[in-house]
Amino acid sequence: MAGGEQGKGLYDHLYRRFFEECDTHEGYSFQQAPAGSAAPPVVTFREKLRWWTWDRWKRRRTLLAERDRLQRDILQIKKSGNLK
């Protein structure tokens, strides 16, 4: 099993480590997100967003269009079978 020991559950090693460190550890270890190899996508705008901005609907439409484009790209990769 990946990440686990032979003959044990998939997450037993994580539970064991949690119980070993629970007296000395402060905070939650699951809050440290693993660093990825790619930065998250960023959508930039010409003007800063202010609470009084009139073009919020344009910004929202731009963000949703970018989200939809990225989803289409992912689905296209899946359909073409170019997964490694």
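In the block above lies the structure referred to throughout.
## Here we look at the pattern of salt bridges
Phase 1 of the analysis: Throughout the structure, instances matching the rule amount to 3 salt bridges.
Phase 2 of the analysis: Its salt-bridge partner being D68, residue R67 comes within 2.9 Å of it at the nearest N-O pair.
Phase 3 of the analysis: Connected via shared salt-bridge partners are E66, R69 and D73.

## Topic: a nonpolar patch on the surface
Phase 1 of the analysis: A cluster of nonpolar residues, L10, Y11, L14, Y15, F18 and F19, forms a patch on the protein surface that exposes about 660 Å² of accessible area.
Phase 2 of the analysis: With respect to the helices and strands, L14 occurs in helix α1 (residues 12–21).
Phase 3 of the analysis: L14 sits in the partly exposed class, given a relative accessible area of 34%.

What counts, and where the lines are drawn
Residues numbered from 1 in each chain as written. Predicted model: local features only at pLDDT ≥ 70, side-chain atom pairs only at ≥ 80, totals over all residues. Heavy atoms only, no water. Salt bridge = Lys/Arg side-chain N within 4 Å of Asp/Glu carboxyl O. Patch = residues over 30% accessible without salt bridge, like charges linked within 9 Å, V, L, I, M, F, W, Y side chains within 5 Å. Areas by Shrake-Rupley, 256 points an atom, 1.4 Å probe, with all protein chains shown as cover. Helix = DSSP H or I, 4+ residues; strand = E, 2+ residues; numbered from the N terminus. Buried < 20%, exposed > 50% of the residue type's maximum accessible area, 1.4 Å probe, protein only.

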